[in-house]
Amino acid sequence: MYKNFRRLLVIYKGARGPFIVSQTFLAFSVLLNLAIVALNGTLVNDGVQQGNIEVVISTAVWMIGLTLIQTIFALGNSLYAVLFAEGTANFLRVGTYRKIQTLSFGNLDRFRTSDLLVRLTSDINNVKQAVLYGILLLFQAPFMIVMAVAMAIFLLPSLLWLMIVIMVVVSVVLFFLLRGVQQMFVARQQALDGVNNVLQEALAGVRVVKAFVRERFEMQRFAKVSNTWLDAALSPAYRMALFVPSLQLIVYTGTAALYYFGGQGVFGGTTNLGEIVVFSNVLSMVVGPMAMLAFIIPFLESGEASCGRVFEILDEEAEIQDRSTAKPVDVSNIKGRIVFENASFGYRDRAGKTTGLVLEKINLTIEPGQTIGFLGATGSGKSTLVNLIPRFYDVLEGKVTIDGINVCDLPQRQLHQIVGMALQESVLFSGTVRANILFSRPDLDDDEIVAAAQAADADSFVSRIPEQYDAPVSRRGTNFSGGQRQRLAIARALASRPPIVILDDSTSALDMATEARVQEAVQGLMSSSTKLYVAQRISTVLTADKIVLLEHGRQVAVGTHAELIQTSPLYREIYESQLGKLDEQPERIASPLAGQSMGGTA
Ligand SMILES: Nc1ncnc2c1ncn2[C@@H]1O[C@H](COP(=O)(O)OP(=O)(O)OP(=O)(O)O)[C@@H](O)[C@H]1O
């Protein structure tokens, strides 16, 4: 039972201190509570009924004093309970976030961003609530019930039957009120997942929604999931609303019965009024904790379920890990020779099973300093192919080597220093232009930053901004144009001058003249580095030392532009579809962009 919570207590050692302190305060608080209740008997019997004002005053003073001390213990209990609950939530939040940072591309493909967000926020909040209520009430309730029953046996054994009847009635009522509530809470959480999924997608794509005038559709879509959430939230809320009135009804009826039967005892001389007053208080002390127990159980259930969802992330093993045989290398000695040997790859589905091959038996040798272009229709596998070099994914068969070393035998930290990459989606972080360019190497000096920005043709627009390299970048870089974002992302990839640079469709938003300028500058700055360009546009790769043409995950042709135009009908078709019929421009066959060269060692 509650295996996730038990596991949490075992792994979160920092919680033990606040937990023990809060429960110690709680025990004292409950004992004092009972003592105060017992004093009611003295007050009525020896004070009020005997007309002894001194007993009344001294008992009242004792009761006030004990109440003050009890309040301090109760406050201590609450404070440490909050510390414990908030500490637990923080422990889970930081641990989960740290875990997400260690996950590989493949793991992240299987967890949707909205899913991760819900787990990091709402689920952890559920755990916190359950821990808080649990620590405040869970241990208090049984303790109070046992003590109160003991007092009832000691004080008025003749009316114990009444207490048992009331406890049975309360249990039956609570059973019916709570039946199915756990499933209702789980359904509410799932409905919240649905709301967050729609919200995340719709807000991230709000511009597309507006551009396609889909606001009404999106509003309806959101209203639908929001209504589902409302229904799911109302069902347990209705049940909870019945809680207090039902219990009040039982307590008031029970108290009336107590005075009826107890009154007969007083008239018969078998009991006295003080005992009945104390018994009446004890009755509330039993019903209250029973209600508390019933009240927190759904929270505990929902917290336990959420804790399990958080553990799912914490238990996720990063697909790509450093091998025990991985040996550090001197990055400055890496030349940048890349070889694909019979490399095949396929993505995994949510269950972790490979769905089919996206790349098949790729054999390719790229010499240090060469410029290579990868060309092919959308979905042909270009990005997937280059992603195998920095080990964003591991090959299923074959291998990829850098300077003869299998990339799987390189420590990932070093591999990512060797391979600088501008990803297909140019994501910038909020901060400054400088901080974004320095993302991979915070120790670079201003000259190196400017050199990288110049090579990416970013310096031209950055230097026109009044704050220049200290210009603010908003979240995801939305205060820059698509082309500017791409150029800053390229500068970020070049800044540390890695021996291998991969630009994955990173110049697609640039006009052809700017693109040619970038390529020329990159060639100047990174002449000894191996440069890989993934492109949709043939103009991006025309002057490469080698163009690799992919079709449905297979490498169908490799060669220079002049070679491919003669030997590959597919290449010729792509060329003509983008740049016009060759028959009408024969001089372009050998020298497509006369005067522009990005090649290194042709
Ligand atoms: N993370 C992923 N999970 C599952 N399948 C994927 C993933 N990324 C890509 N694919 C699939 O792999 C195939 C190759 O995709 P890839 O992105 O490598 O193509 P591409 O040639 O770079 O395309 P584009 O030019 O449009 O970027 C496609 O069929 C795509 O649907």
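Criteria and cut-off values
Residues numbered from 1 in each chain as written. Predicted model: local features only at pLDDT ≥ 70, side-chain atom pairs only at ≥ 80, totals over all residues. Heavy atoms only, no water. Pairing = 2+ DSSP bridges. Helix = DSSP H or I, 4+ residues; strand = E, 2+ residues; numbered from the N terminus. Salt bridge = Lys/Arg side-chain N within 4 Å of Asp/Glu carboxyl O. Buried < 20%, exposed > 50% of the residue type's maximum accessible area, 1.4 Å probe, protein only. Contact = heavy atoms within 4.5 Å. Domains from an automatic or database assignment. Buried area = accessible area lost by both parts, 1.4 Å probe. Polar contact = N/O pair within 3.5 Å; in protein donor to acceptor, adjacent residues only side chain to side chain.

### Some points on the sheet that holds strand 5 (residues 405-406)
Step number 1: The four strands lie next to each other as 2-1-4-5, forming an open sheet whose pairing is antiparallel. The open sheet terminates on both sides in strands that have one partner only, identified here as strand 2 (359-366) and strand 5.
Step number 2: As defined by bridge partners, strand 1 (residues 338-345) adjoins strand 4 (residues 397-402) across five bridges and the pair is classed as antiparallel. When the bridges of strand 4 are listed, Val 339 appears paired with Thr 401.

### A short note on the pattern of salt bridges
Step number 1: Within this structure, the stated rule accounts for 20 salt bridges.
Step number 2: For the salt bridge of Asp 457 with Arg 487, the shortest nitrogen-to-oxygen distance reads 3.2 Å. Placement of the pair is Asp 457 in the loop between helix 15 (446-455) and helix 16 (459-462) and Arg 487 in helix 17 (residues 482-494), with a sequence separation of 30 residues. The same class applies to Asp 457 as to Arg 487, namely buried.
Step number 3: When salt bridges that share partners are traced, they join Arg 110, Glu 316, Glu 319 and Arg 348 into one network.

### Description of the side chain of Ser 22
Step number 1: Summarising the element assignment, Ser 22 is placed in helix 2 (residues 16-48).
Step number 2: Once residues lying within four places of it in the same chain are set aside, the contact partners of Ser 22 are Asn 77, Tyr 80, Ala 81 and Ile 135.

### Re the domain arrangement of the chain
Step number 1: When the domains of the chain are assigned, the result is domain 1 (3-314) and domain 2 (332-588).
Step number 2: Relative placement of domain 1 and domain 2: their C-alpha centres are 56 Å apart.
Step number 3: For the pair domain 1 and domain 2, the summed buried surface comes to about 660 Å²; carbon and sulfur atoms form 53% of the total.
Step number 4: Ranking the residues of domain 1 by area buried against domain 2 places Phe 105, Asp 109 and Arg 110 at the top, with a combined share of 77%.
Step number 5: Counting every contact that joins domain 1 to domain 2 gives zero salt bridges.
Step number 6: Remark: the boundary between domain 1 and domain 2 carries one residue pair in polar contact (both at pLDDT 80 or more).
Step number 7: Looking at the side of domain 1 that touches domain 2, the element that brings in the most residues is helix 4 (residues 105-110), giving four residues.

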